[in-house]
Amino acid sequence: MRFWYIFVEYYVEVINKNMHKAALVLEGGSLRSLYTAGVLDVFMENGIQFELIVAVSAGALNACNFVANLVGRSARVNILHSKDSNFFGLKQLFFHRRAFNFEYLFYSPIKDLYPYDEEALKNSQQKLLIGATNIETGNAEYFERHTYDELVHVLQASSSIPLLSQPVNIEGNLYLDGGVADPIGLHKALSEGYEKVVLILKYHAGFKLPPPSMLERILLKLNSRKYPKLAEVISKRYLMYNSLLDEINDMKQKNRIYVFRPNRKIKIKTMEKDARKLIDLYFMGRNDARESLKEMLGYINN
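Here is a short report on the structure shown in this document.

The rules we used
- Residues numbered from 1 in each chain as written.
- Predicted model: local features only at pLDDT ≥ 70, side-chain atom pairs only at ≥ 80, totals over all residues.
- Heavy atoms only, no water.
- Helix = DSSP H or I, 4+ residues; strand = E, 2+ residues; numbered from the N terminus.
- Rg over C-alpha atoms; globule rule 2.2 N^0.38 Å.
- Buried < 20%, exposed > 50% of the residue type's maximum accessible area, 1.4 Å probe, protein only.
- Contact = heavy atoms within 4.5 Å.
- Areas by Shrake-Rupley, 256 points an atom, 1.4 Å probe, with all protein chains shown as cover.
- Lys, Arg positive; Asp, Glu negative; His and termini not counted.
- Charge placed at Lys NZ, Arg CZ, Asp CG, Glu CD.
- Pairing = 2+ DSSP bridges.
- Right-handed = clockwise from strand over helix to strand, strands pointing away.
- Expected span 1.5 Å × (residues − 1).
- Phe/Tyr/Trp six-rings, centres within 6.5 Å; stacked < 30°, edge-to-face > 60°.
- Lys NZ or Arg CZ within 6 Å of the ring centre and 35° of its normal.

Secondary structure assignment for the chain yields 14 helices and 8 strands. Computed over its C-alpha atoms, the radius of gyration of the chain comes to 18 Å, within 12% of the 19 Å expected for a compact globule of 302 residues. By principal-axis analysis of the C-alpha atoms, the chain measures approximately 55 × 45 × 35 Å. For the chain, with 302 residues in total, the buried portion stands at 55%. Pairs at least 24 apart in sequence give 78% of the contacts found in the chain among residues at least 6 apart. Of the roughly 14,400 Å² of accessible surface on the chain, 51% is carried by carbon and sulfur atoms. Once the 39 positive and 33 negative side-chain charges of the chain are each reduced to a mean point, those two points are 7 Å apart.

Right, dumping it as structure tokens:
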């Protein structure tokens, strides 16, 4: 029964929307972001909004649908089109030097099949900050955009996977995946003055990111001459990421933040084609959100 949920047009008009004085932080993770999509759909169905949303990569893609209140759109796009080689996969990588086809995703056919509510985006009271990595400096930079075309340009940069995509030019600077320099925008949310922060992560509790593989180290070395700062950040990213997870776990224990994460280890590839795995992950997010909704609201409103 729940499988067919993905295939229907699903629209929920929420009369009583509740804007919470809190920040929502969304991690990236390519197709792993179906977990985030499940959580956000439950938020939308219950009229839950956040004053600030900080997101990178696939988390930012989910955030755009969340801000526009498009329930189910992220799930339909990523699940129903997961086997289309014109969307993502080895065909895109070998023939176009990109992991994902952003024209396909942001314009035709996706925008034709699932129209994006640009007016809802413009009129939303939620502030959305999208992170991208400056490949010259190796630092994270955050952008706020208010029209669909402006948004698309930043999303391309934030979602362009290093070594698998071409950099994106924004205002004269080149950018790649925001998850490289700042994979979980917790510190950005805190720096904006928010004491209540809700995080949606892509890995289960206890996960640790391993060091770069031999192939990754070779590719990094080949690119280090052109962009040494970027190569340095990528090579040390696992140390930074694991340290950040330790900080998140400590803050969670002290009830300073609220965390959603998969309740078990999941096996989803960066360019996963198995729709059943993606559906299961999406509903894991939905179930976790429904079960924890009251507790999360108690944390925010305490």
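Counting buried positions along strand E2 (residues 48-56) gives 8 out of 9 residues, so the element sits mostly inside the fold. When strand E1 (residues 18-26) meets E2, the two strands line up parallel, connected through 7 bridges. Across the sheet, residue Ala23 finds its bridge partner in E2, namely Leu52. Handedness of the E1-helix H1 (residues 34-45)-E2 crossover: right-handed. Where E2 and strand E3 (residues 127-134) come together, 5 bridges link them in parallel fashion. Looking at the pairing, Leu52 lines up with Lys127 of E3.

The terminal C-alpha atoms of H1 lie 17 Å apart, and with 12 residues this matches the ideal 16 Å at 1.5 Å per residue to within 8%. Among the 12 residues of H1, 11 are classified as buried, and the element is accordingly described as predominantly covered. The complete set of buried residues in H1 reads Leu34, Tyr35, Thr36, Ala37, Gly38, Val39, Leu40, Asp41, Val42, Phe43 and Met44. Downstream of H1 by one or two residues, Gly47 has phi in the positive range, about 70 degrees.

Before going further, it helps to spend a moment on the packing of aromatic side chains. Under the definition given, this model contains 15 aromatic pairs. Ring centres 5.4 Å apart and planes at 85 degrees place the aromatic pair Phe143 and Tyr175 in the edge-to-face group. Here Phe143 is found in strand E4 (residues 140-143), whereas its partner Tyr175 is found in strand E6 (residues 173-177), with 32 residues between them in sequence. The residues Phe143 and Tyr175 share a single accessibility class, namely buried. Arranged with centres 6.4 Å apart and planes meeting at 85 degrees, the rings of Tyr203 and Tyr241 form a pair that is edge-to-face. Taken together, the residues Tyr203 in the loop between strand E7 (197-200) and helix H11 (214-223) and Tyr241 in helix H13 (residues 237-253) connect sequence positions 38 residues apart. Judged on exposure class, the residue Tyr203 and its partner Tyr241 are both buried. Chaining the aromatic ring pairs together yields one cluster made of Phe43, Phe50, Phe66, Tyr258, Phe260 and Tyr299. In this structure, Lys111 is placed above the aromatic ring of Tyr148, and the distance from its NZ or CZ to the ring centre is 4.9 Å.

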